[in-house]
Amino acid sequence: MSTARITPLVLMLLILSACKKPTENIKIVVDTDVIKYTAMINVTDASTGASAPANTTITISGDQASNIYELSGKKDIRLTSGMVTIGLQPNVVPAENNPITINVGIASSGYNTASKQITFTTSQKQQVINIPITKTGSTTPPIVTPPPPVYNNTSLTFTGRCPSRTDIEIRPSVYIYFKKTGSLDAFQYLGYMDKGNITTNLLQLNETYDFQIVYGGDTYKVNQKIEQTSYNLTIDMPAACNF
Amino acid sequence: MKRRSLVTFLLLGLICKETNAQTDSSFQSLKGQQSLQLNLGTQGIGAEYVYGVLPELALRGGLNFIPLKANNVFKISGFNSTSNLSADFYNIHVLADYVPAKNLSWFRVVGGFAYFLKARGDIRVIPSDDYKYGDLVLNEDQIGYVDLTVDWKGFAPYLGIALAHTFPKKNFNVSVDLGTYYLTKPKADITGTGLLEGNSSQTPQFQSNIKDYRWLPAIQVNFSYKFKNN
């Protein structure tokens, strides 16, 4: 075969050898830090430290109440396992000399009502508000939960999974709680996970932990035995995939 | 549309006529001949100086550039978006034209290399749907965009063929180049803004997908003017 016949054939084969789709297996990564100024509200039974009963309700009042949303962007704010994260809608931010204050009211059958004032300031984007509620007529002193022991640092990177959208990944910015797997104790606050990342010194080597987040009115859990200094964990977050 | 078709038709007619005129097999030594040529093709537009160094061998040096912009040519599956694509390829090159058979003097094997001063493709993907986050409707700035960039800057060898004589028999001719550059291994990158900032984590996958995109085909029509005979 002459050179003139071979060359175009060779060229064509070479060009066609690079036909993998550029976007193959590429996922769209979406952050959840839409609401920047947030407060994690954790309502517990004052006498036991356990999560508030399921029928516990929360109300938001004050001049800026209409600008308060649940962390997933929902206007419907309710407690799940005694927890909810609320925050200012993204177009409203506190000023240096003009913080934004709201009032939170807690009501639960058989318990005294409780209320707390929450203030959003420019210097504090995250805050945890613990609200213990006492049973009506109870004289039991509130339980004091000791701070968890401190260990070496462990880095956790969480990826939110959308069960119905495998082409999308979530980078959650949420408050995360933990407890030892199998323990009957209440979940304790681990920290704020910023864009999926958290470094903590509250995890003991060779222990297995349950991690819990509350987002969009649902709780999501994952567990992991701690044997090294960093882990990548995947957690289902269907409430973050509704777009 | 009709005007473009007519121009294409006339151009093809011109190429056929000129190529027929230039593909007779009578061999004329290339040595000492010189020409300038303008070209148009997949490399964009460019210009070359051609010099015959041996009876069967000519060298050409030149440059090409193609600034390209297009909208909505790129889609990510399952993600409603608009896209803005821009591609910029600027090269300087040196090629050797060799006539392998004197009785087929209109056929040349062409080899050489180019240095791509710029060889870059950029795609900006912008979500086209209103993004509802719970009960909140987010604006474009809050949602952000994703930029995908591929860079092939560097040296690239070239291999191809050319049809029609290297130099015009008289003053002008039209010839055709068919070939390919083999570009350097591309450097791919993904960046994002707003809620899409985290997409930089997809860079390794994008790099892996794009790593074999190194063949840059060249189909080009050359319009030559000979200013010196041997």
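Structure: see above.
Here the structure is a predicted model, which means the values were calculated and not measured.

What counts, and at which threshold
Residues numbered from 1 in each chain as written. Chains lettered and ligands numbered in written order. Predicted model: local features only at pLDDT ≥ 70, side-chain atom pairs only at ≥ 80, totals over all residues. Heavy atoms only, no water. Salt bridge = Lys/Arg side-chain N within 4 Å of Asp/Glu carboxyl O. Helix = DSSP H or I, 4+ residues; strand = E, 2+ residues; numbered from the N terminus. Buried < 20%, exposed > 50% of the residue type's maximum accessible area, 1.4 Å probe, protein only. Contact = heavy atoms within 4.5 Å. Polar contact = N/O pair within 3.5 Å; in protein donor to acceptor, adjacent residues only side chain to side chain. Pairing = 2+ DSSP bridges. Axes fitted to C-alpha atoms, helices over the stretch in contact; angles between N-to-C directions.

**Student:** Please explain the pattern of salt bridges as it appears in this structure.
**Tutor:** Two side chains carrying opposite charge are able to pair once their charged atoms lie near each other. In total, this model carries 19 salt bridges over all chains according to the counting rule given. Glu 207 of chain A serves as the salt-bridge partner of Lys 180 of chain A, at 3.8 Å between the closest nitrogen and oxygen. Within this pair, whereas Lys 180 of chain A is found in strand β11 (residues 174-180), its partner Glu 207 of chain A is found in the loop between β13 (197-200) and β14 (208-215), the two being separated by 27 residues in sequence. A salt bridge links Arg 60 of chain B to Asp 97 of chain B, with the nearest nitrogen and oxygen atoms 2.8 Å apart. Of this pair, Arg 60 of chain B sits in strand β3 (residues 57-71) while Asp 97 of chain B is found in strand β4 (residues 81-98), placing the two residues 37 residues apart along the sequence. Here the residues in one salt-bridge network are Asp 31, Asp 33, Lys 36, Arg 171 and Lys 195 of chain A together with Glu 197 of chain B, joined through shared partners.

**Student:** Looking at this model, I keep getting lost on the environment of Phe 158 of chain A. Mind explaining?
**Tutor:** Residue and element names in this part refer to chain A. As for its placement among the helices and strands, Phe 158 is situated in strand β9 (residues 154-161). Taking relative accessible area as the criterion, Phe 158 reaches 1% and is therefore assigned buried. Considered as a pair, Phe 158 and Thr 234 are 76 residues apart in the sequence and their alpha carbons are 5.6 Å apart. For Phe 158, the residues in contact, after removing those within four places along its chain, are Ile 170, Pro 172, Ile 176, Met 193, Gly 196, Ile 198, Phe 211, Val 222, Leu 233 and Ile 235.

**Student:** I tried to follow the side chain of Ser 108 of chain A on my own but got confused; where do I start?
**Tutor:** Residues and elements named next belong to chain A. Inspection of the secondary structure assignment puts Ser 108 in the loop between β6 (100-107) and β7 (114-120). A relative accessible area of 8% places Ser 108 in the buried class. A polar contact of 3.2 Å, which involves the side chain of Ser 108, links it to the side chain of Asn 55. Sequence-distant contacts of Ser 108, defined by excluding residues within four places in its chain, comprise Pro 53, Asn 55, Thr 56 and Ile 133.

**Student:** What should I look at first to understand the sheet that holds β7 of chain A in this one?
**Tutor:** Hydrogen bonding along the main chain pairs the strands of a sheet, whether they run parallel or antiparallel. All names here are of chain A. Reading across the sheet, the three strands line up as β3-β6-β7 and stay open at both edges, with antiparallel pairing between neighbours. Two strands in the sheet have a free side with no partner beyond their single neighbour: β3 (57-61) and β7. Put simply, the sheet's adjacent strands are angled 25° from each other on average, direction ignored. With seven bridges joining them, β6 and β7 adopt antiparallel strand pairing. Its bridge partner lying in β7, Ile 102 is registered against Ile 118.

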